[in-house]
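Breakdown of the fold
As a plain string of letters, each chain reads:
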Amino acid sequence: MKVSSRKDTTRYSVGCGVFKIPLSSLVTFSMLEFPASNIRMPASAVKQEFAPPGLSNSQKSLGARLHGPNRLMPLFRSRIYTSARFMLLLVGCALLGPTCVGEARAQAHRARITIVSLAPARVRVDLQLAVATNALSFRNTYGGVLGLGDRIERLEATNGARSIQVKKLAPGEYQAETKFTLLSYEVNLTEPAQPAQLSHVSWLNSDQGLLMLADLLPRLADPGSVASIKLDVPSGWSVGSNVPGKNPEYLTTDPDKGVFLVGPSVREKSRRIGVTDFTFITSGKWPVSDGDVLKIAEKLIMEYTNLTGHVLQSKTVLMSIEFPGEAGPEHWTAETRGNAVVLLLGTQARRKRVLAKLGVILSHEIFHLWVPNALALEGDYDWFFEGFTLYQALRMALHLKFISFDTFLETIARVYNSYLSSSDHDRLSLIQASERRWTTASSLVYDKGMLAAFVYDLELRRATDCQASLDDIYRQLFRQHGTGQGSANETIIGLLSKPAALNSFGHDYVEGTGRINLQPALTSYGIQLRPAGPRAQATKLELVNNLSNTQRKALRCLGYRG
């Protein structure tokens, strides 16, 4: 069965990353479904709970889980532990910012996430809110994954000694008559039926799991407050994360972007790239070495830093595990969330083939650390941070010799064929397609967006005799809107329309519904559209037989080495 990958990015600055997934154009692949493991976790691996005497049953249940670390005394029974905890908060604040200390004292959410079973896959969350509430809202959809709210089960709330009755209004939506601060619930973390969704939501099996705070915790009403996260994992398991801290306690002011890889063989390897701390977190065996992965990441981070003029200041994480089943590298799914790239990649192939695919995928995913994740822009501009980024990543893969120029042209041709086959290709503008991405127009965001970027880059290079390119738009964008808020569509269309030769580009290709015709832009480069076969309706891109000196010069500007 053919599967596409989708991700939500507009509200939570989550970078989407499916370099070739949503359409048959870039990477179309067959997905196999694998059932969740039915192996139960040994009883000895489940941590025990306890609480001091004199408390109600509700207080014992919630208070002990929140404050009493397994095999440690409860927080309020140990001044030493209280001091150590506060020192940990101070250390975390050094990482999180100057206003953190006050927030840590007054407004700190405390969550304890305990793996209670591997088969069925379940975690229990015990949460103490910094501010009392009588309403809870969990995400029910994320990036095309539906029904997340139905995974929340056995929710209980208390306020001091009182048990609070909470009514479920809809999947993930709860309301109580009075406010509360303590709650406990379980989350069913059975693996998604579609492997393409494994990089987007929390799941767990007997070998490993990905825990994402965005779908494990309710939406917190006071963004910016400190959240203290503790994890209880089975005996012998370890944890890797993009959240500051160290197992068992982590601190963050942005839980929506927190990701944890848990399992018995999790390992980390770090490298300083310029001023950026990069960490590769993985588990299991790979046909490539950790050093190979770090080399690819280093090249891309250095190149994108030079391209944008923007330096990634915070720790950057690549979290990668094997795609399920006996899958080759053509089977993969990925998402860039906050400062972390989450990738599941099939590894059943020779080292050279896995490395080649890894370079192409990371060219796109790592660029999302900049676009949109390092930009403070508002609105639905998926056409740019997906479509344009797909093209820019393809150019980077060509520049770093991850792909050949022939592969570059073949990819553009596949996208063009996919675009022409869409019934909406001449009915929706790119802005309209972005607004409807999760409903009816997802392929246009990628297809038409990437083709528009290709046309823009060709025309700008031709008009300036290769003195300017799409690269310059990214530099200007980061100089203009690296910080602060701004309308994404207004800002980006304004930049694209600045060159005199392209002052109508935004109207024609982004705001307008007109059909994209590649041939006029290709002629100056000696590239022609031809049928892919004698009876084929699809087209391919290839060089003309006798290139002129002008065409050859233009091609070399684009990356051709012939």
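All of these numbers come straight from a predicted model, not from anything done at the bench.

Quick look at the nonpolar core now. The biggest cluster of nonpolar side chains holds 100 residues, and the ones touching the most others in it are Ile366, Trp370, Trp383, Phe388 and Phe408. It is helix H10 (residues 442–463) that contributes the most residues to this core, 12 residues altogether. Ignoring anything within four residues of it in the chain, the contact list for Ile366 reads Ala297, Leu300, Ile301, Tyr304 and Val341. Judged by nonpolar contacts, the second largest core, of 38 residues, contains Tyr174, Val187, Leu211 and Leu213.

Another aspect to go through is the sheet that holds strand S10 (residues 203–204). Overall, antiparallel pairing links the four strands, which are arranged S10-S11-S16-S13 in an open sheet. Edge positions in the open sheet fall to S10 and strand S13 (238–241), since each of these has one partner strand only. In terms of strand pairing, S13 meets strand S16 (residues 259–263) through four bridges, oriented antiparallel. Paired with Gly240 across the bridge in S16 is Leu261.

Let's shift gears to the state of the cysteines. Taken as a whole and judged by the stated rule, the model has one disulfide. Between the sulfur atoms of Cys466 and its disulfide mate Cys557 the distance is 1.6 Å. In this structure the cystine formed by Cys466 and Cys557 twists about its S-S bond by roughly 90°; its chirality is therefore right-handed. Of this pair, Cys466 sits in the loop between H10 and helix H11 (470–481) while Cys557 sits in helix H15 (residues 549–558), placing them 91 residues apart in sequence. Using a relative accessible area of 16% as the deciding quantity, one classes Cys557 as buried.

Turning our eyes to something else, we now look at the confidence of the model for the protein chain. With 79% of its residues at a pLDDT of at least 70, the protein chain reaches an overall mean of 82. Every residue in residues 67–106 scores below 50 in pLDDT, and together they form 54 contacts with partners more than four places removed in sequence or on other chains.

Counting through the fold element by element, Val510 comes out in helix H13 (residues 505–511). Separated by 127 residues in sequence, Val510 and Trp383 have C-alpha atoms that sit 8.3 Å apart. Residues in contact with Val510, not counting those within four places in the same chain, are Trp383, Ser429, Leu430, Ile431, Ile493 and Phe505.

The rules behind each value
- Residues numbered from 1 in each chain as written.
- Predicted model: local features only at pLDDT ≥ 70, side-chain atom pairs only at ≥ 80, totals over all residues.
- Heavy atoms only, no water.
- Core = buried A, V, L, I, M, F, W, Y, C linked by side-chain atoms within 4.5 Å.
- Buried < 20%, exposed > 50% of the residue type's maximum accessible area, 1.4 Å probe, protein only.
- Helix = DSSP H or I, 4+ residues; strand = E, 2+ residues; numbered from the N terminus.
- Contact = heavy atoms within 4.5 Å.
- Pairing = 2+ DSSP bridges.
- Disulfide = S-S within 2.5 Å.
- pLDDT = per-residue confidence, 0-100.

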